[in-house]
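Single-letter residue listing:
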Amino acid sequence: MLIAFDSTQQALRAEMLLEYAEVEIDICPTPKEITAGCALSIHFPGEELETVKHVIEAENVEIRGVFKPVQDGYEQVTL
């Protein structure tokens with residue numbers, strides 16, 4: 001799954017918080033199918049969604065959205 005951001009500052013903050021929560025993440029370029037204000041996104045395993053959701057809400061991380069890959073691109077997931 002993928003988290004997209006509106007700012008690089010929030011992406012880097014989320015990276016630090018998720019690493020601290022021991023979520024396995026990768027920083028990657030935001031796919032062109034996802035319109036976002038930041039060129040960085042965070043990729044994480046789908047089974048970590050609840051942990052990611054908790055960290056985002058508890059730490060008030062500003063995100064564009066969480067997306068899951070589908071056949072023709074990405075689909076936004078409701079948190």
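All figures in this text were calculated on a predicted structure; none of them were measured in a lab. (Residues numbered from 1 in each chain as written. Predicted model: local features only at pLDDT ≥ 70, side-chain atom pairs only at ≥ 80, totals over all residues. Heavy atoms only, no water.)

Draft legend 1. How the structure looks around the overall build of the chain. In terms of regular secondary structure, the chain is built from 2 helices and 5 strands. When the helices and strands of the chain are placed in sequence order, the string is β-α-β-β-α-β-β. With 79 residues in all, the chain has 38% of them scored as buried. The long-range share in the chain, meaning contacts at least 24 apart out of those at least 6 apart in sequence, stands at 64%. Taking the 5 positively charged and 15 negatively charged side chains of the chain as two groups, their mean positions are separated by 8 Å. (Helix = DSSP H or I, 4+ residues; strand = E, 2+ residues; numbered from the N terminus. Buried < 20%, exposed > 50% of the residue type's maximum accessible area, 1.4 Å probe, protein only. Contact = heavy atoms within 4.5 Å. Lys, Arg positive; Asp, Glu negative; His and termini not counted. Charge placed at Lys NZ, Arg CZ, Asp CG, Glu CD.)

Draft legend 2. Here's a closer look at unusual backbone geometry. With phi around 65°, Glu22 is a residue other than glycine that occupies positive phi space. Glu22 sits in the exposed class, given a relative accessible area of 70%. Look at Asn60: it is not a glycine, yet its phi comes out positive at around 50°. Structurally, Asn60 can be placed in the loop between α2 (49-58) and β4 (65-70).

Draft legend 3. Just the sheet that holds strand β5 (residues 73-77), in detail. Reading across from one edge, β2-β3-β1-β4-β5 is the order of the 5 strands in this open sheet, with antiparallel pairing throughout. Both edges of this open sheet fall to β2 (26-29) and β5, since each of them pairs with a single strand only. For this sheet, the mean inter-axis angle between neighbouring strands, taken without regard to orientation, is 40°. In terms of strand pairing, strand β1 (residues 2-4) meets β4 through 3 bridges, oriented antiparallel. What sits directly across from Ile3, in β4, is Val66. The strands touched by helix α1 (residues 8-20) within the sheet are β1, β2 and β3 (40-43), with β3 carrying the most contacts at an inclination of about 25°. (Pairing = 2+ DSSP bridges. Axes fitted to C-alpha atoms, helices over the stretch in contact; angles between N-to-C directions.)

Draft legend 4. Main features of the state of the cysteines. According to the stated counting rule, one finds 0 disulfides in the structure shown. Free of any disulfide, Cys28 has its nearest neighbouring cysteine sulfur in Cys38, separated by 10 Å. We classify Cys38 as buried; its relative accessible area is 4%. (Disulfide = S-S within 2.5 Å.)

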